[in-house]
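# Structural features, examined
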Amino acid sequence: MSAVIIDGNKIAQDVRNEVAQGVAELQAKHGIVPGLAAFLIGDDPASAIYVRNKHRACQEVGIFSETFKLPADITQDELIGRIRDVNEDDRFHGVLVQLPLPPHMDERTVILSMDPDKDADGLHPLSLGRLVEGKPMFVPGTPAGIQELLKRTDYQTDGKHVVICGRSNIVGKPAAILLMQKAEWANATVTVCHTGTKDLARFTRSADILIVAIGKANAITADMVGENTVVIDVGMNRVPDDTNKRGYRLVGDVDFEEVSKKVAAITPVPGGVGPMTVAMLMLNTLRAAQLKALAAASRV
Ligand code: GUN
């Protein structure tokens, strides 16, 4: 039997339509147009594509957006100065710094310089701390997008065994914390696997829901999955492909060809988690603007 293919493009479009409606309402009621500032440092081609996609999504939903493209050799202090300018700029309700940063910068110091009230990416320690407490304000886009995919395709998480491969600060760790919360579309038993895990397949085979975010093409093969598993592939790897005019194609961390013949459901790459990450960024930016409107209304 072959798996249900979870259509991230379609679900992300639904989310963006809802955001567009929220943006229109905010403007009609409060005269506020949500704004997002994106910092792109250096010339990593993948990062440039991601930021361009975010800008396009903003345009589609009616969010004002500006991308600040800065050279790879900008100093950390200069970058932080530019972020502080955006913190003070009322046109922007959300700010994001595209990762990875150039090697001479300290990611944590840069993220700490962002106003936590504008943390549309949910990566500020205050946002992550709130998530740990079970009182999230801004959830990072990829974990939030995964939860939204599961919810909108009705793959229940409550009481299920969720196995996450990868422990990054932007996907693995926040996804684990999000899905273990005592809350709707969470309440899962979560296992986190990483480079220190011995016999990875022992864990992946026992998953009801398998989330893979390790950044290695075709790392999860058909012998590592069970037949009733729902597979969420966060990977986005470029592999050489002469038949493609770009000279490469994008593949996930899961051997889609073989795994999709075996499991219950799977997200494709591209067109699975990626568009959801962007859609949830739009939702966070709208939320930041809504919270600001509420705060302003409560002061009058
Ligand atoms: N790099 C890869 N994914 C992301 C993301 O979701 N946000 C940011 N800021 N950088 C990334």
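As a starting point, this report considers the structure included with it. (Residues numbered from 1 in each chain as written. Predicted model: local features only at pLDDT ≥ 70, side-chain atom pairs only at ≥ 80, totals over all residues. Heavy atoms only, no water.)

The local shell around the ligand consists of Lys54, Val97, Gln98, Leu99, Asp121, Ile170 and Thr277. In this structure, a nitrogen atom belonging to the ligand sits 2.8 Å away from a main-chain N or O atom of Val97. Interatomic distance of 2.5 Å between a side-chain N/O atom of Asp121 and a nitrogen atom of the ligand. Here the ligand has 280 Å² of accessible area as a free molecule, and 81% of this is covered by the chains. In the shell around the ligand, the residues fall into 3 nonpolar, 2 polar and 2 charged. (Near = heavy atom within 4 Å. Polar contact = N/O pair within 3.5 Å; in protein donor to acceptor, adjacent residues only side chain to side chain. Areas by Shrake-Rupley, 256 points an atom, 1.4 Å probe, with all protein chains shown as cover. Nonpolar A, V, L, I, M, F, W, Y, C, P; charged D, E, K, R; others polar.)

Moving on, we come to the pairing of strand 5 (residues 161-165). Taken residue by residue, a regular strand's side chains alternate between the two faces of the sheet. The buried count for strand 5 comes to 5 of 5 residues, which makes it a mostly enclosed element. Residues His161, Val163 and Cys165 of strand 5 are buried on one face, and the alternating residues Val162 and Ile164, pointing to the opposite face, are buried as well. Here strand 5 runs beside strand 6 (residues 189-193); their pairing, made up of 5 bridges, is parallel. From the neighbouring strand, Val162 faces strand 6, where its bridge partner is Val190. Sheet topology places strand 5 next to strand 7 (residues 209-212); 4 bridges connect them, and they run parallel. When the sheet's bridge partners are listed, Val162 is paired in strand 7 with Ile209. (Buried < 20%, exposed > 50% of the residue type's maximum accessible area, 1.4 Å probe, protein only. Helix = DSSP H or I, 4+ residues; strand = E, 2+ residues; numbered from the N terminus. Pairing = 2+ DSSP bridges.)

It is worth spelling out a positive patch on the surface at this point. Residues Arg52, Arg56, Arg238, Lys245 and Arg246 make up a contiguous surface patch of positive charge. Judged by relative accessible area, Lys245 falls into the exposed class, the value being 84%. (Patch = residues over 30% accessible without salt bridge, like charges linked within 9 Å, V, L, I, M, F, W, Y side chains within 5 Å. Salt bridge = Lys/Arg side-chain N within 4 Å of Asp/Glu carboxyl O. Lys, Arg positive; Asp, Glu negative; His and termini not counted. Charge placed at Lys NZ, Arg CZ, Asp CG, Glu CD.)

Moving on, we come to the packing of aromatic side chains. Under the criterion given, the structure shown has 3 aromatic pairs. Plain terms: the ring middles of Phe64 and Phe92 are 5.5 Å apart, the flat faces sit at 20° to each other, and that makes the pair stacked. Separated by 28 residues along the polypeptide, Phe64 in strand 3 (residues 64-70) and Phe92 in the loop between helix 3 (76-88) and strand 4 (94-97) bring together distant segments of the chain. When its relative accessible area of 30% is taken as the criterion, Phe64 is described as partly exposed. Ring geometry for Phe68 against Phe92: centres 6.0 Å apart, planes inclined by 75°, an arrangement best described as edge-to-face. Within this pair, whereas Phe68 is found in strand 3, its partner Phe92 is found in the loop between helix 3 and strand 4, the two being separated by 24 residues in sequence. Here the two residues Phe68 and Phe92 agree in accessibility, since each one is buried. Ring pairing ties together the aromatic residues Phe39, Phe64, Phe68 and Phe92, which thus form one cluster. (Phe/Tyr/Trp six-rings, centres within 6.5 Å; stacked < 30°, edge-to-face > 60°.)

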